[in-house]
There are 2 protein chains.
Amino acid sequence: MAKKQMTYAGAGVDIDAGDQMVTMIQRHMARTYGSRVLGRHGAFAGCFRLDYNEKLFKRNYRDPVLVACTDGVGSKVQLAVEMGLYDTVGIDLVAMSVNDLIVQGAEPLFFLDYIGTHKLEPQRMTEIVKGVADGCVQSDCALLGGETAELPDLYAEGEFDLAGFAVGVCELKKIIDGSRVERGDVVLGLESDGIHSNGYSLVRAVVREATLDLNQVYVELDERKTLGQVLLTPTRIYARPIVDVLHYYRVKRVVSGMAHITGGGLGGNLNRALPSHCNAKIDRSVWRPSPVFGFLQKHGNIDEEEMFRVFNMGIGYCLIVRPDFANSIAHQLERAGERVHFLGRIVKGDGKVCWQ
Amino acid sequence: MAKKQMTYAGAGVDIDAGDQMVTMIQRHMARTYGSRVLGRHGAFAGCFRLDYNEKLFKRNYRDPVLVACTDGVGSKVQLAVEMGLYDTVGIDLVAMSVNDLIVQGAEPLFFLDYIGTHKLEPQRMTEIVKGVADGCVQSDCALLGGETAELPDLYAEGEFDLAGFAVGVCELKKIIDGSRVERGDVVLGLESDGIHSNGYSLVRAVVREATLDLNQVYVELDERKTLGQVLLTPTRIYARPIVDVLHYYRVKRVVSGMAHITGGGLGGNLNRALPSHCNAKIDRSVWRPSPVFGFLQKHGNIDEEEMFRVFNMGIGYCLIVRPDFANSIAHQLERAGERVHFLGRIVKGDGKVCWQ
């Protein structure tokens, strides 16, 4: 166990500086916007409207909007390097962008990846891209292109970084931006497959400080998998079940908001789906985070609130739905293989997530 | 001057391994393709066809194809770090992707960027994004989103990497893929603004081995700018003049092929625009590469052919055009501010660039 109490900031990540930067760069981004860029209220992905207004797609889009976003996998790539396991971080890469796309109501169309590395080792690069392709298959999108850059002076031997880019399409009138969220709506949470792709700077710091062994099996964590294998479990991709739910309820529009739970945790992501006059009141006792979270908390001596700020704590994706349909949506998602929890309700408030 | 003769491979870049990898990953990419992904003959960018067939856009697209690609800036980012100049590599980033997009006949729609870095320093990140926004403005596209990842264990202090993603649209019937290139067509070359964004591993090796000073003015290079400033000159963006030429000749379709000259040089990029039964016969005496190339060649003791394999050698973009229209296209491009050279002709051959 670490001697001193550990924090995300202590592991090297400065969230405040990131927020400050976002504010600073927005005006540069705004300079490039034409009338085709749609307003982004805490959006998870960028929305770009094409210039037309007629009945179009065979898939029944009248006013299709292209939705695009980009993300990386963070320090999880370094864990992959340490374990010598390269074929799953590509799934994480796709998941990070595609799970953001679907939050806006889009269905994924295509994906591109960027790999920066010390040296182009074909075998290893192929394993990485295999994972990316696996993630694309899971998301029903095409891996349309990619770039691998050999930067021997920038990346240390054996190291690499990954960036991914996804484009999807959404019917203009059906974009989900949280504006239709109402008091009384129900918050459904879909379980994560562990830590997903955020907080790994802290995870790795815990492993280091508590001198844990990535190659050891810790029975309280998993009876067969090593710690490293557990930590490399790929991010769950919610695209197929979510696209299916939205398609099934496309007329009734009973899903009012959604959130992909990434860095910032439930409190720092579900709030992005809320209008300014609503809170989401969440009951943390209704689900039990998988053992990996307790394991890290114990060995890192991490405060409970810090855990909820850094990690998804077992819930990877949220839907805010009309109360009359909560049960049927939950059943549809469960039939698609999701583990669903009724996390709480939308109440009067000021755009925050609060715990009950 | 370096004691031993220097090569790109010697500077750490293994082109063969890259080619090998491309072959290996293609089958993984193919697994994810549906009928909407168009065939890619040496394509510079991926093409994704939307499912429709009706008159659509106000901009007169009947069968719009989304065109997407990704690229980075390579080791030029490290030069930016060494010089402490961060606000132009973003232009390079946009240029690398957007110049690829337009090769297929697309007009750029939007762009997203990924920055991986040791530490989120708002001021520096803002300067980087400013450059990205500048590049987007020059390309008439929207900076639709981005991601900045703080990876303190992966990137050394002060270091960062950049990846960019661009999406454009092209009329299906007007995609330029080299299939219409004919014997007798003329090759026009547009001058580059120096080295652009390829070959910087070699550039930096030359600076190191020949103990050049980035902060010194070398009069044979530039009378006022330092070596570092000359080397950081942003990549020229050809989007606006090329889109205008294509629009002007949209009915006659007199542009049969195009190429963005990046890593691999003229010989390794113009060939991608050629059908298998044609060669491009290029006369190297018709233009004079800017002084920076001779300077690097001299100080690095680099073989002439190696220079042409690694660098653009003064030509950043090529058009293959019908001979009757070569003059008028050249004039239009010159009026738009380009410096144009008649590089040579298309002759019978086997898909290669040859020198006369």
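Residues numbered from 1 in each chain as written. Chains lettered and ligands numbered in written order. Predicted model: local features only at pLDDT ≥ 70, side-chain atom pairs only at ≥ 80, totals over all residues. Heavy atoms only, no water.

### Some details on the overall build of chain A
Here's step 1: Scanning chain A from N- to C-terminus turns up 10 helices and 11 strands.
Here's step 2: Here chain A holds 356 residues, and the buried ones make up 62% of them.
Here's step 3: Of all intrachain contacts in chain A linking residues separated by at least 6 positions in sequence, the fraction that spans at least 24 positions is 82%.
Here's step 4: For chain A, the exposed area adds up to about 13700 Å²; of that, 47% sits on carbon and sulfur atoms. (Helix = DSSP H or I, 4+ residues; strand = E, 2+ residues; numbered from the N terminus. Buried < 20%, exposed > 50% of the residue type's maximum accessible area, 1.4 Å probe, protein only. Contact = heavy atoms within 4.5 Å. Areas by Shrake-Rupley, 256 points an atom, 1.4 Å probe, with all protein chains shown as cover.)

### Let's talk about the state of the cysteines
All names here are of chain A.
Here's step 1: Considering all chains together, one arrives at zero disulfides over all chains under this definition.
Here's step 2: A disulfide-free cysteine, Cys 354 has its sulfur positioned 11 Å from the sulfur of Cys 278, the nearest such atom.
Here's step 3: Relative accessible area serves as the criterion here: at 25%, Cys 354 is assigned to the partly exposed category. (Disulfide = S-S within 2.5 Å.)

### Things to note about the packing of helix α3 (residues 89–103) of chain A against helix α4 (residues 122–139) of chain A
Residue and element names in this part refer to chain A.
Here's step 1: Across the interface, α3 lies against α4 with an axial gap of 6 Å and an inter-helix angle of 40°. With respect to their mutual orientation, α3 and α4 come out oblique. Regarding α3 and α4, the two cross each other, and that crossing is right-handed. Of the residues in α4, those touching α3 at Gly 90, Ile 91, Leu 93, Val 94 and Val 98 are Ile 128, Gly 131, Val 132, Asp 134, Gly 135, Cys 136, Gln 138 and Ser 139.
Here's step 2: By residue class, the composition of the contact of α3 with α4 is seven nonpolar, five polar and one charged. (Axes fitted to C-alpha atoms, helices over the stretch in contact; angles between N-to-C directions. Parallel < 35°, antiparallel > 145°, perpendicular 65-115°, else oblique. Left-handed = near helix turned anticlockwise from the far one by under 90°. Nonpolar A, V, L, I, M, F, W, Y, C, P; charged D, E, K, R; others polar.)

### A look at unusual backbone geometry
Residue and element names in this part refer to chain A.
Here's step 1: For His 196, which is not a glycine, the phi torsion comes out positive at approximately 60°.
Here's step 2: By secondary structure assignment, the location of His 196 is in the loop between β6 (186–191) and α5 (200–209).
Here's step 3: For His 196, a relative accessible area of 2% translates into the label buried.
Here's step 4: Of note in this structure, Asn 301 is not a glycine but carries a positive phi near 50°.

### Let's talk about the domain arrangement of chain A
Residue and element names in this part refer to chain A.
Here's step 1: For chain A, the assigned domains read domain 1 (15–174) and domain 2 (186–355).
Here's step 2: Of the residues lining the interface, 35 residues belong to domain 1; the matching set on domain 2 comes to 34 residues.
Here's step 3: Roughly 2900 Å² is buried in total at the junction of domain 1 and domain 2, and carbon and sulfur atoms are behind 62% of that figure.
Here's step 4: Inspection of the region where domain 1 meets domain 2 yields two salt bridges.
Here's step 5: Arg 204 serves as the salt-bridge partner of Glu 82, at 2.4 Å between the closest nitrogen and oxygen.
Here's step 6: Where domain 1 packs against domain 2, one counts 18 residue pairs in polar contact (both at pLDDT 80 or more).
Here's step 7: Breaking the side of domain 1 that touches domain 2 down by element, the ones donating at least two residues are α2 (76–83), α3, β3 (107–117) and α4. (Domains from an automatic or database assignment. Buried area = accessible area lost by both parts, 1.4 Å probe. Salt bridge = Lys/Arg side-chain N within 4 Å of Asp/Glu carboxyl O. Polar contact = N/O pair within 3.5 Å; in protein donor to acceptor, adjacent residues only side chain to side chain.)

### Observations regarding the pairing of strand β7 (residues 255–260) of chain A
A regular strand carries its side chains on alternate faces of the sheet.
All names here are of chain A.
Here's step 1: Of all six residues in β7, six are buried; the element is thus mostly enclosed.
Here's step 2: Across five bridges, the pairing between β7 and strand β9 (residues 315–321) is antiparallel. When the bridges of β9 are listed, Val 255 appears paired with Val 321. (Pairing = 2+ DSSP bridges.)

### Observations regarding the pattern of salt bridges
Here's step 1: Inspection of the entire model under this criterion finds 35 salt bridges over all chains.
Here's step 2: Note that Asp 185 of chain A is salt-bridged to Arg 322 of chain A, the shortest N-O span being 2.7 Å. Highlighted residues: Asp 185 of chain A in the loop between β5 (160–171) and β6 and Arg 322 of chain A in the loop between β9 and α10 (326–335), separated in sequence by 137 residues.
Here's step 3: Between Glu 338 of chain B and Arg 236 of chain B there is a salt bridge, and its shortest N-O distance comes to 2.9 Å. Of the two residues, Glu 338 of chain B sits in the loop between α11 (326–335) and β10 (340–348) while Arg 236 of chain B sits in the loop between α6 (227–231) and α7 (239–248), which places them 102 residues apart along the sequence.
Here's step 4: The exposure class of Arg 236 of chain B is buried, given its relative accessible area of 17%.
Here's step 5: Ionic contacts of the salt-bridge type, sharing partners, join the residues Glu 191, Asp 193, Arg 236, Glu 338 and Arg 339 of chain A into one network.

### Some remarks on the pairing of strand β10 (residues 340–348) of chain A
Residue and element names in this part refer to chain A.
Here's step 1: Two elements, β6 and β10, share five bridges in a ladder whose sense is antiparallel. If you follow Leu 190 over to β10, its bridge partner there is Val 340.
Here's step 2: In terms of strand pairing, strand β8 (residues 278–282) meets β10 through five bridges, oriented antiparallel. Within the sheet, the bridge partner assigned to Ala 280 lies in β10 and is Ile 346.

### Observations regarding the environment of Cys 354 of chain A
Residue and element names in this part refer to chain A.
Here's step 1: In this fold, Cys 354 is placed in strand β11 (residues 353–355).
Here's step 2: Taking the C-alpha atoms as reference points, Cys 354 and Gly 267, 87 residues apart in sequence, are found 7.6 Å from one another.
Here's step 3: Excluding its chain neighbours within four sequence positions, the residues that come into contact with Cys 354 are Asn 279, Ala 280, Lys 281 and Ile 282.

### Focus: the sheet that holds strand β9 (residues 315–321) of chain B
Residues and elements named next belong to chain B.
Here's step 1: What the six strands build is an open sheet, ordered β7-β9-β6-β10-β8-β11; its pairing is mixed. If you trace the sheet from one side to the other, it starts and ends with β7 (255–260) and β11 (353–355), each paired once. Shown here is a sheet whose adjacent strand axes are inclined to one another by a mean of 30°, direction ignored.
Here's step 2: Contacting β7 and β9, helix α3 (residues 89–103) runs over the sheet at an angle of about 160° to β7.
Here's step 3: In the packing of α7 onto the sheet, the strands contacted are β6 (186–191), β7 and β9, and the crossing angle to β7 comes to about 170°.

### Some words on the sheet that holds β11 of chain A
In any sheet, the strands associate via hydrogen bonds between backbone groups, in a parallel or an antiparallel arrangement.
Residue and element names in this part refer to chain A.
Here's step 1: Strands sit in the order β7-β9-β6-β10-β8-β11 across an open sheet of six strands; the sheet is mixed. Strand pairing shows two members of the sheet lacking a second neighbour, β7 and β11, which therefore form its edges. Sheet twist, expressed as the mean angle between neighbouring strand axes with direction ignored, is 30°.
Here's step 2: Across the sheet, α3 touches β7 and β9, and the angle it forms with β7 is around 160°.

### Here we look at the packing of aromatic side chains
Here's step 1: The final tally for this structure, using the stated rule, is 18 aromatic pairs over all chains.
Here's step 2: Through pairs of rings, three or more aromatic residues link up here, namely Tyr 248, Tyr 249 and Phe 325 of chain A.
Here's step 3: The ring of Phe 308 of chain A has Arg 284 of chain A sitting right over it, with the charged end atom 3.7 Å from the ring centre.
Here's step 4: The positively charged end of Arg 284 of chain B is found above the aromatic ring belonging to Trp 355 of chain B, 4.2 Å away from the centroid. (Phe/Tyr/Trp six-rings, centres within 6.5 Å; stacked < 30°, edge-to-face > 60°. Lys NZ or Arg CZ within 6 Å of the ring centre and 35° of its normal.)

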